[in-house]
Amino acid sequence: MFETLSDRLSSVFTNLRGKGRLTPADIDKTCREIRVALLEADVALPVVRAFVARIKERATGVVVSAALNPAQQIIKIVNEELVAILGGETRRLTYAKTPPTVIMLAGLQGAGKTTLAGKLALWLKGQGHTPLLVASDLQRPNAVTQLQIVGEQAGVQVFAPEPGNGVGDPVAVARGGVDHARVRLHDVVIVDTAGRLGVDAEMMQQAVDIRDAVQPQEILFVLDAMVGQDAVTTAQAFRDGVGFNGVVLTKLDGDARGGAALSVRHVTGQPIMFASTGEKLADFDVFHPDRMASRILGMGDMLTLIEQAEQHFEADQAEAMAAKMAGNEFTLDDFLDQMMMIRKMGPIGGLLGMLPGAGQMKEALANVDDRDIDRTAAIIQSMTRAERQDPKIINASRRQRIAKGSGSTVSQVNALVERFFEARKMMSSMAGRFGLGGRPSNRKAAKGRKGKRSTGRGPTPPKVKGMPGGFPGMGALPPGMGAPGGAAPGGLPGLDQFPGDFDPSKLKFPKQ
């Protein structure tokens, strides 16, 4: 959604990189270009004026840092102001001292309230809560049925005593849902309310009556991020009519220009708490202003990437896999398990897009096809158990059989096997460099004292320059994939920054 804004800001910063210092003319030109970029992204005009004025004020009075060039200084200022305009700190849910905690959803029809209720319930369930969905939208046709289906997919109970479709009292249903949750020991109640195609008095009054009946701890305004400038008007109407203390953005995966996200926090004064980034129930997470600002500026979002990995990779599995990599015992079975875990984290292009510098390789990311993983998995699954454990036994006839069984070519099988060996060699070498139990990287250390046998496992591997051949089955890394800041292409960021006398073996790590 922020692709256009990100591209425009990147071009602004690129023009500053060749300058030794910032003149008042440079600042005026930069602020003018930032203003145009924000207006093109459909950000509200009052928000643009305040944002640009703040950047100009800070850029004019900034103390010149010896560690930052002009472009880096402007990026730092813009990043901090973006974080501020998006809400500053991450806001968490407020829970009732005595359960149940009541969360009321409000917003226009079509914003995605019913689906979002299921997403929020699934997220709360993952946090250890026992949520209950209450079907108080009795106006829209089949709204109750939709909530029941969503609740079943999320694995949470739904309180729906009325059939809906214009039948029943939504206020009585909301009140009854809270009582039901109290009896059945549900600690969170999510009330789905009715919306309209536009703001009207009847909808507002019904929302106010439900609010007064259930006394919610949180009133979340569900906002469609694709509606543009009208989002600001709608948010102000709900703030004045019903009142809310948090915003949930839906459809952030759309191709709109994203101005609503940058406008609603500044206009309403209420923070963005959650964001929905897809159609699946799992495409939902807490909104982090600092991470979103980092994505907009093309600096990646490593924290979210790490959190997603933690959700799909168990710590003991990761340790066992690291030990196999260090000991050169990594097999094609292990590689297949790793691929399937990564596949569960989401589209590969989306994961790579969270890496720093990913904005410079958008064309390459657009060509990433998740079906390549399926093709690679088919090749591995067409091998026998012995072949997966020891790929060295895969001769010409075996490769022809594997190719026929997986619907691929012999050259594709050859490429997978060759890249697997190269990657395994690289993993073992890197483990040895960092003292993680792999092959020793120092020849003198490998030889040991005179008259003693070497303690290393096999011969010392050759020096690795970057990542040989890329990951197995996925081809070489696209140009520009290396992280910015002097990292070797395809290697570890900052690996070339270690001093020459750095000895990893002297590092002391805890037992765990």
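It should be emphasised that the depicted structure is a prediction, and the values quoted were computed from it without experimental measurement.

A count of helical and extended segments in the protein gives 21 helices and eight strands. The buried share among the 512 residues of the protein stands at 44%. Roughly 26,500 Å² of accessible area belongs to the protein as shown, and the carbon and sulfur atoms make up 52% of that amount.

Right, let's get into the packing of aromatic side chains. Enumeration according to the criterion identifies five aromatic pairs in this entry. Arranged with centres 5.2 Å apart and planes meeting at 75°, the rings of tryptophan 123 and phenylalanine 274 form a pair that is edge-to-face. Remark: phenylalanine 274 occurs in strand S7 (residues 272-276) and tryptophan 123 occurs in helix H5 (residues 113-126); sequence separation between them is 151 residues. Assessed through its relative accessible area of 18%, tryptophan 123 is described here as buried. Since its relative accessible area comes to 2%, phenylalanine 274 is described here as buried. By way of ring pairs, the aromatic residues Trp123, Phe274 and Phe284 are connected into one cluster.

Before going further, it helps to examine the sheet that holds strand S1 (residues 101-106). Here we have eight strands laid out as an open sheet, ordered S3-S2-S4-S1-S5-S6-S7-S8, and mixed in their pairing. On the outer flanks of this sheet lie strand S3 (157-159) and strand S8 (284-286), each paired with one strand and no other. Pairs of neighbouring strands in the sheet enclose a mean axial angle of 25°, with direction left out of account. Bridge count between strand S6 (residues 246-250) and S7: three bridges; the pairing is parallel. Counterpart to valine 248 in the pairing with S7 is phenylalanine 274.

It is worth spelling out the packing of H5 against helix H6 (residues 143-154) at this point. At a minimum axis distance of 9 Å, the contact between H5 and H6 shows a crossing angle of 25°. One way to sum up the angle between H5 and H6 is to call them roughly parallel. Considering only the axes of H5 and H6, their crossing is right-handed. Every residue of H6 that contacts H5 at Thr114, Thr115, Ala117, Gly118, Leu122 and Lys125 is listed here: Ala143, Gln146, Leu147, Val150 and Ala154. Its residues placed into classes, the contact of H5 with H6 shows six nonpolar, four polar and one charged.

It is worth spelling out the pairing of strand S5 (residues 218-224) at this point. Among the seven residues that make up S5, seven are buried, leaving the element largely enclosed by the rest of the structure. Burial of S5 is two-sided: the residues Glu218, Leu220, Val222 and Asp224 facing one way and the residues Ile219, Phe221 and Leu223 facing the other way are all buried. Note that S5 and S6 share five bridges and pair parallel. Bridge pairing links phenylalanine 221 to valine 247 in S6.

Tallying each qualifying case throughout the model produces 14 salt bridges. Salt-bridge contacts for arginine 91 lead to glutamate 218; the nearest nitrogen and oxygen are separated by 3.0 Å. Highlighted residues: arginine 91 in the loop between helix H4 (70-85) and S1 and glutamate 218 in strand S5, separated in sequence by 127 residues. One salt bridge in this structure joins arginine 239 and aspartate 240, with 3.3 Å as the shortest N-O distance. Taken together, the salt bridges that share partners define one network made up of Arg54, Glu57, Arg58, Glu80 and Glu81.

For helix H7 (residues 170-184), with 15 residues, the first-to-last C-alpha span of 21 Å sits near the 21 Å given by 1.5 Å per residue. Residues Pro170, Val171, Val173, Ala174, Gly177, Val178 and Ala181 constitute the buried set of H7. Those residues of H7 that are buried are in contact with S1, strand S2 (131-135), S3, strand S4 (188-192) and helix H8 (201-214). Where H7 ends, the next residue or the one after it, leucine 185, has phi of about 65°, a positive value.

Once that is clear, we can look at the side chain of threonine 268. Structurally, threonine 268 is set in helix H10 (residues 259-268). Here the side chain of threonine 268 touches valine 264 through a polar contact of 2.7 Å, landing on its backbone oxygen. A polar atom in the side chain of threonine 268 sits 3.2 Å from the backbone nitrogen of glutamine 270. Among residues more than four places away in sequence, those in contact with threonine 268 are Ala235, Arg239 and Phe244.

Residue proline 100 is reached from proline 99 by a cis peptide bond, and omega for that bond is 5°. Tracing the backbone shows proline 100 in the loop between H4 and S1. Positive phi values are uncommon outside glycine, yet leucine 185 reaches one of about 65°. Its relative accessible area of 70% is what places leucine 185 among the exposed residues. For glutamine 215, which is not glycine, the phi torsion reads 50° and is therefore positive. Following the sequence through the fold, glutamine 215 ends up in the loop between H8 and S5. Residue class for glutamine 215 comes out exposed when judged on its relative accessible area of 53%.

The subject of this paragraph is the packing of H8 against helix H9 (residues 230-241). One can describe the packing of H8 onto H9 by two numbers: an axis separation of 10 Å at closest approach and a directional angle of 45°. By the angle between their directions, the pair H8 and H9 is classed as oblique. Seen along the crossing, H8 lies across H9 with a hand that is right-handed. On the side of H8, the interface is formed by Met203, Met204, Val208 and Arg211, while H9 contributes Ala237, Phe238 and Gly241. Grouping the amino acids of the contact of H8 with H9 by side-chain chemistry returns five nonpolar, one polar and one charged.

Interpretation of this model should avoid reading the predicted coordinates in detail wherever pLDDT is low. A residue-level look at the protein finds 68% of positions with pLDDT of 70 or above and a mean pLDDT of 75. Here residues 438-498 is a poorly scored stretch, pLDDT under 50, and it has 85 contacts once near neighbours within four places are set aside; other chains count.

Moving on: the pairing of S4. Burial within S4 is extensive, with five of its five residues counted as buried. Side chains of S4 alternate between two faces, with Val188, Ile190 and Asp192 and Val189 and Val191 buried alike. As paired elements, S1 and S4 share five bridges and run parallel to each other. The residue bridging methionine 104 from the neighbouring strand is valine 191, located in S4. Strand direction decides the pairing type here: S2 and S4, joined by five bridges, are parallel. The residue bridging proline 131 from the neighbouring strand is valine 188, located in S4.

The rules behind the values
- Residues numbered from 1 in each chain as written.
- Predicted model: local features only at pLDDT ≥ 70, side-chain atom pairs only at ≥ 80, totals over all residues.
- Heavy atoms only, no water.
- Helix = DSSP H or I, 4+ residues; strand = E, 2+ residues; numbered from the N terminus.
- Buried < 20%, exposed > 50% of the residue type's maximum accessible area, 1.4 Å probe, protein only.
- Areas by Shrake-Rupley, 256 points an atom, 1.4 Å probe, with all protein chains shown as cover.
- Phe/Tyr/Trp six-rings, centres within 6.5 Å; stacked < 30°, edge-to-face > 60°.
- Pairing = 2+ DSSP bridges.
- Axes fitted to C-alpha atoms, helices over the stretch in contact; angles between N-to-C directions.
- Parallel < 35°, antiparallel > 145°, perpendicular 65-115°, else oblique.
- Left-handed = near helix turned anticlockwise from the far one by under 90°.
- Contact = heavy atoms within 4.5 Å.
- Nonpolar A, V, L, I, M, F, W, Y, C, P; charged D, E, K, R; others polar.
- Salt bridge = Lys/Arg side-chain N within 4 Å of Asp/Glu carboxyl O.
- Expected span 1.5 Å × (residues − 1).
- Polar contact = N/O pair within 3.5 Å; in protein donor to acceptor, adjacent residues only side chain to side chain.
- pLDDT = per-residue confidence, 0-100.

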